[in-house]
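# Observations on the three-dimensional arrangement
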Amino acid sequence: MLPLNAELFAPAAEIVRQGFLAAARTQPHVLPIRIYSSVDESQEVVSLYRQAIANGALAVVGPLTRNGVSTLALEKNIPVPTLALNLIEEQSAGPLYFFGMGAEAEARQAAQQAWQRGFQHAMCISSSAQLSQRLLFAFEDEWLKLSGGSLSEVEFNGDPAPLLDLKANENSMVFLAVDATKAQLIRPYLPSKLPVYATSQVFFGDNETLINYELDGINFVDMPWLLQADHPAVMIYPRMDPPLAPDQERLYALGIDAFRLIQLMLNDQVHNAMPLDGVTGRINLYGYTFERKSIPAIFEQGRASLPGRSVTPSPRAFPSLSSAPAKISNP
C-alpha cells in the first residue's frame, strides 16, 4: 500500500515500489504482489487494508507516510503480518511492525560513537529547520542517557559569529544537526582538530566531490547501499540505470529491505534471522520496531571512506535493474 497517487509523496512511493519489486525479482517462488495506490493515506489506508485482506492478502507492506502509519496503528483488526514503512511512537495492535529511515536514529548513533570514543563535552550546531531540531533533540537525548556529559548549543542561521568561540580540546566534539549545504558554511569556522560528527544528511554521494572536499574530516553514518557497494548483502540486488540521486537510492534500499523483512515475517523466521545485514544497515527487532544501524564513514579527499579501508568502488560496476517481468497487478 503506497501513496502512488499523492502529488507530494508519489515520487518517493514509486522509488520504494521499484526497490521492493527489484528485490522480489531476485527470488524464486515469490507470491504474487498486488499494488494498492492511494491519494491520502490517512483517509484511505484502513479501507485499502480491509480490501487487501478481503482479496486474500497473506501479508501487507505499507503505508509509507507517518500519518498513514498512525492511522493504521489504530486499526484493531490486523489479521496478517503487516510491515508499515515509517516509524511512530504509538503501540501496534496485532502483527503490525514498523520499519523506516528516521534520521533521528542516525543522530543517536552519532552520540553513541562520540561517547564510545571518550568525549565528555558535545557542542551541537543546528538550524531553525524542523528536521535539524529533531536531529538535535535525538542527539542530546541519547548523549545525556549515555554519558551524563555536558552539552552546549549553537543555532546557525547564516551568521558565523556564534561559531568563532568554539575551541578544540581533547574532551570535546561537535555534532552537526544540519544538511550538507549548511555544513559547508559551518565547516570553515570549526577548528581543524575538533572532531565533527553528523548524519547522512551531509552526504550527497561521491559524485559531489567539491562539496565533499569542503566537508573533509567530518564523521557521518549512512547505509551500506551508498557506502559499501561490495558488501555481499548489497551486491546481489540490481540498481536503477541511470543511478538515482542519493535520497532516492535510500528509498530504493528501503524497498529492498522491506521485501526481505516481509518474507521473513511470512515464513515466521524473523527472530532467527536477527540481526539482519540489510542494504539499509544492520537491522534488529525491538518490540514491534525494526531498527537499523547505519555504518560509519568519514570524508577524505572528496569521497566517503570507511574506517580502516579504502573508498569503495562505484555502484555503476554492479548490475542494473532487470527488465524481467514480475508478478504484479493493480486492484
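First, a word on scope: everything that follows refers to the structure included in this document. This is a predicted model, so every value here is computed, not measured. (Residues numbered from 1 in each chain as written. Predicted model: local features only at pLDDT ≥ 70, side-chain atom pairs only at ≥ 80, totals over all residues. Heavy atoms only, no water.)

## Observations regarding the packing of helix α4 (residues 103-116) against helix α5 (residues 130-146)
- Look at α4 against α5: their axes get within 8 Å of each other, and the N-to-C directions meet at 40°. Between α4 and α5 lies a crossing whose hand is right-handed. Facing Ala103, Glu104, Ala107, Arg108, Ala110, Ala111, Gln112, Ala114 and Trp115 of α4, the residues of α5 in contact are Leu131, Arg134, Leu135, Ala138, Phe139, Asp141, Glu142, Trp143, Lys145 and Leu146.
- Split into classes, the residues belonging to the contact of α4 with α5 amount to twelve nonpolar, one polar and six charged. (Axes fitted to C-alpha atoms, helices over the stretch in contact; angles between N-to-C directions. Helix = DSSP H or I, 4+ residues; strand = E, 2+ residues; numbered from the N terminus. Left-handed = near helix turned anticlockwise from the far one by under 90°. Contact = heavy atoms within 4.5 Å. Nonpolar A, V, L, I, M, F, W, Y, C, P; charged D, E, K, R; others polar.)

## Thoughts on the sheet that holds strand β2 (residues 60-61)
- Taken in spatial order, the six strands of this open sheet run β2-β3-β4-β12-β11-β10, and their pairing is mixed. The open sheet has two free edges, formed respectively by β2 and β10 (276-277), since each of these has just one partner strand. (Pairing = 2+ DSSP bridges.)

## Some words on unusual backbone geometry
- Residues Gly62 and Pro63 are joined by a peptide bond in cis, for which omega reads 5°.
- Its place among the elements puts Pro63 in the loop between β2 and α3 (66-73).
- Cis geometry marks the peptide bond from Met274 to Pro275, where omega comes out at -5°.
- With respect to the helices and strands, Pro275 occurs in the loop between α11 (270-273) and β10.
- Here Gln301, not a glycine, exhibits a phi torsion of approximately 55°, which is positive.
- Under the relative-accessibility criterion, Gln301 is labelled exposed at 64%. (Buried < 20%, exposed > 50% of the residue type's maximum accessible area, 1.4 Å probe, protein only.)

## Re the layout of surface pockets
- Of the voids in this model, the second largest pocket is the one considered here, and its volume is about 600 Å³.
- Within the residue set of the lining of the second largest pocket, elements represented by two or more residues are α1 (10-25), β1 (33-34), β2 and α10 (246-266).
- Along the lines of polarity and charge, the residues of the lining of the second largest pocket split into 21 nonpolar, three polar and two charged. (1 Å grid on protein atoms, 1.4 Å probe; cavity = no way out; pocket = protein on both sides within 12 Å on 5 of 7 lines; lining within 4 Å. Points joined across faces, edges and corners; volume = space filled by probe spheres on them.)

## A short note on the nonpolar core
- Counting 72 residues, the largest nonpolar core has Leu83, Ile125, Leu176 and Phe290 as the members making the most contacts within it.
- Of all the elements, α10 adds the most residues to this core, at eleven residues.
- Setting aside chain neighbours within four positions, we find Ile125 in contact with Val154, Phe156, Leu163, Leu166, Val174, Phe175, Leu176, Ala177, Val178, Ile186 and Leu190. (Core = buried A, V, L, I, M, F, W, Y, C linked by side-chain atoms within 4.5 Å.)

## Here we look at the packing of aromatic side chains
- What the rule picks out here adds up to ten aromatic pairs.
- On the basis of an interplanar angle of 85° and a centroid distance of 5.4 Å, the ring pair of Phe20 and Phe259 is categorised as edge-to-face. Remark: Phe259 occurs in helix α10 and Phe20 occurs in helix α1; sequence separation between them is 239 residues.
- Judged by relative accessible area, which is 13%, Phe20 ranks as buried.
- Take Phe259: its relative accessible area is 3%, and that puts it in the buried class.
- Here Phe203 and Phe299 contribute two aromatic rings whose centre-to-centre distance is 6.1 Å and whose plane-to-plane angle is 55°, an arrangement assigned as tilted. Of this pair, Phe203 sits in the loop between β8 (196-197) and α7 (209-214) while Phe299 sits in strand β13 (residues 295-300), and the two are 96 residues apart along the sequence. For the residue pair Phe203 and Phe299, the accessibility class agrees, reading buried in each case.
- The ring of Trp225 has Arg239 lying over it, and the distance from NZ or CZ to the ring centre is 3.8 Å. (Phe/Tyr/Trp six-rings, centres within 6.5 Å; stacked < 30°, edge-to-face > 60°. Lys NZ or Arg CZ within 6 Å of the ring centre and 35° of its normal.)

## Digging into the packing of α1 against α10
- Put simply, α1 and α10 touch, their axes get as near as 7 Å, and they point 45° apart. Taken together, the axes of α1 and α10 lie oblique to each other. Read as a crossing pair, α1 and α10 show a hand that is right-handed. When α1 is examined against α10, the residues Ala12, Ile15, Val16, Gln18, Gly19, Phe20, Ala22, Ala23 and Ala24 are found in contact with a partner set consisting of Gln248, Leu251, Tyr252, Leu254, Gly255, Ile256, Ala258, Phe259 and Ile262.
- By residue class, the composition of the contact of α1 with α10 is 14 nonpolar, four polar and no charged. (Parallel < 35°, antiparallel > 145°, perpendicular 65-115°, else oblique.)

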